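Overview (structure and organization)
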Amino acid sequence: MILTDQQILAEIERGNIVIEPYDRTCLGTNSYDVHLGRYLATYRDAVLDARKHNEIDVFEIPEEGFVLQPGTLYLGVTEEYTESHAHVPFLEGKSSVGRLGIDIHATAGKGDIGFCNTWTLEISVSMPVRVYHLMPVGQLIYFAVQGDVETFYNRKANAKYNERTIKPVESMMWKNRF
Ligand SMILES: O=c1ccn([C@H]2C[C@H](O)[C@@H](COP(=O)(O)OP(=O)(O)OP(=O)(O)O)O2)c(=O)[nH]1
């Protein structure tokens, strides 16, 4: 079950959902619109290695925007810091963003119950497109779950993306042993 606008509001009141900054006008019928944060990043090396720590270069989106190019993976970040303590949050693209040829994640944008952070975006584009800090970039939807949670993401010892940040975070796959 996906939470409706009324239910999202009720869960915000209860403290189960946190969205900062929050703007009532960003609440849709059953989603909340999130915005592109100030920073983008690209990987330093042209060839990534899934076993290694691939470093990124982080830069600010200038006032006049920044033109994303096809063939490059950009990491972005949501302006919004979010917490979800009882529902599974999903970060989805927006149709208007998709229609500009912008994908905001390479995988399903599934979050975990207990995830407390900004969201890193895995951005790729079909054609050059100029993007701006604070443009609407995605929407959060919240799923009700069945059953109790044993380990919330923010209490998971080996969770990779718990450290609070306003910048995109590179893949921490290197922490997996394989
Ligand atoms: O597009 C996304 C999708 C998820 N997340 C956040 C929310 C999620 O709770 C967390 C971890 O995601 P996931 O569990 O898919 O990543 P993992 O590689 O399995 O990391 P971990 O081992 O820490 O679970 O990353 C993002 O920032 N961006």
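Presented here is an overview of the structure given in this document. A quick note: this is a predicted structure, and the numbers were derived from the prediction, not measured.

About the cut-offs
Residues numbered from 1 in each chain as written. Predicted model: local features only at pLDDT ≥ 70, side-chain atom pairs only at ≥ 80, totals over all residues. Heavy atoms only, no water. Helix = DSSP H or I, 4+ residues; strand = E, 2+ residues; numbered from the N terminus. Near = heavy atom within 4 Å. Polar contact = N/O pair within 3.5 Å; in protein donor to acceptor, adjacent residues only side chain to side chain. Areas by Shrake-Rupley, 256 points an atom, 1.4 Å probe, with all protein chains shown as cover. Nonpolar A, V, L, I, M, F, W, Y, C, P; charged D, E, K, R; others polar. Pairing = 2+ DSSP bridges. Axes fitted to C-alpha atoms, helices over the stretch in contact; angles between N-to-C directions. Phe/Tyr/Trp six-rings, centres within 6.5 Å; stacked < 30°, edge-to-face > 60°. Buried < 20%, exposed > 50% of the residue type's maximum accessible area, 1.4 Å probe, protein only. Lys NZ or Arg CZ within 6 Å of the ring centre and 35° of its normal. Core = buried A, V, L, I, M, F, W, Y, C linked by side-chain atoms within 4.5 Å. Contact = heavy atoms within 4.5 Å. Salt bridge = Lys/Arg side-chain N within 4 Å of Asp/Glu carboxyl O.

Cis rather than trans, the peptide bond between Glu-20 and Pro-21 has omega equal to -5 degrees. Looking at where Pro-21 falls in the secondary structure, it is placed in the loop between strand 1 (17-20) and strand 2 (32-35). In this structure, Leu-134 is a non-glycine residue whose phi angle is positive, near 75 degrees. By the element assignment, Leu-134 lies in the loop between strand 10 (129-131) and strand 11 (136-143).

Moving on, we come to the site of the ligand. Taken together, 13 residues lie near the ligand, and Lys-110, Asp-112, Thr-120, Tyr-153 and Lys-160 sit nearest. A distance of 2.6 Å separates an oxygen atom of the ligand from a polar side-chain atom of Asp-112. At 2.6 Å, a side-chain N or O of Lys-160 approaches an oxygen atom of the ligand. Isolated, the ligand exposes 590 Å² of accessible area, and the fraction of that covered by the protein chains is 77%. Grouping the constituent residues of the shell around the ligand by class yields five nonpolar, four polar and four charged.

Moving on to the sheet that holds strand 2. An order of 2-11-7 is seen for the three strands of this open sheet, with the pairing classed as antiparallel. The sheet is open, and its two borders are formed by strand 2 and strand 7 (88-93), each paired with just one other strand. Put simply, the sheet's adjacent strands are angled 35 degrees from each other on average, direction ignored.

This model, assessed by the stated rule, comprises six aromatic pairs. Here Phe-59 and Phe-66 contribute two aromatic rings whose centre-to-centre distance is 4.9 Å and whose plane-to-plane angle is 50 degrees, an arrangement assigned as tilted. Since its relative accessible area comes to 23%, Phe-59 is described here as partly exposed. Taken together, the ring pairs connect Phe-59, Phe-66 and Tyr-74 into an aromatic cluster. Arg-164 extends its terminal NZ or CZ atom over the ring of Tyr-81, reaching a point 3.6 Å from the ring centre.

In terms of nonpolar packing, the biggest core is built from 30 residues, with Leu-36, Leu-68, Ile-102 and Ile-123 touching the most fellow members. For this core, the elements supplying multiple residues, two or more each, are strand 1, strand 2, strand 9 (116-125), strand 10 and strand 11. The element best represented in this core is strand 9, accounting for four residues. Filtering out sequence-adjacent residues up to four positions away, Leu-36 remains in contact with Ile-61, Val-77, Glu-79, Leu-121, Ile-123, Val-131, Tyr-132, His-133, Leu-134, Met-135 and Val-137.

A regular strand carries its side chains on alternate faces of the sheet. With five of five residues buried, strand 3 (residues 39-43) lies mostly within the body of the structure. Going residue by residue along strand 3, you find Tyr-39, Ala-41 and Tyr-43 tucked away on one face and Leu-40 and Thr-42 tucked away on the opposite face as well.

Time to look at the pattern of salt bridges. As enumerated under the stated definition, the model contains seven salt bridges in all. Arg-44 is the partner of Asp-57 in a salt bridge, and the nearest nitrogen-oxygen pair spans 2.9 Å. With a gap of 13 residues between them, Asp-57 in strand 4 (residues 56-60) and Arg-44 in the loop between strand 3 and strand 4 connect regions that are remote in the sequence. With relative accessibility at 33%, the residue Asp-57 sits in the partly exposed group.

A few words now on the pairing of strand 9. In terms of burial, strand 9 is a largely internal element, seven of the ten residues being buried. Pairing geometry for strand 6 (residues 74-84) and strand 9, over seven bridges, is antiparallel. Residue pairing in the sheet places Tyr-81 in a bridge with Thr-118 of strand 9. The pairing of strand 8 (residues 102-103) with strand 9 spans two bridges and is antiparallel. Residue pairing in the sheet places Asp-103 in a bridge with Ser-124 of strand 9.

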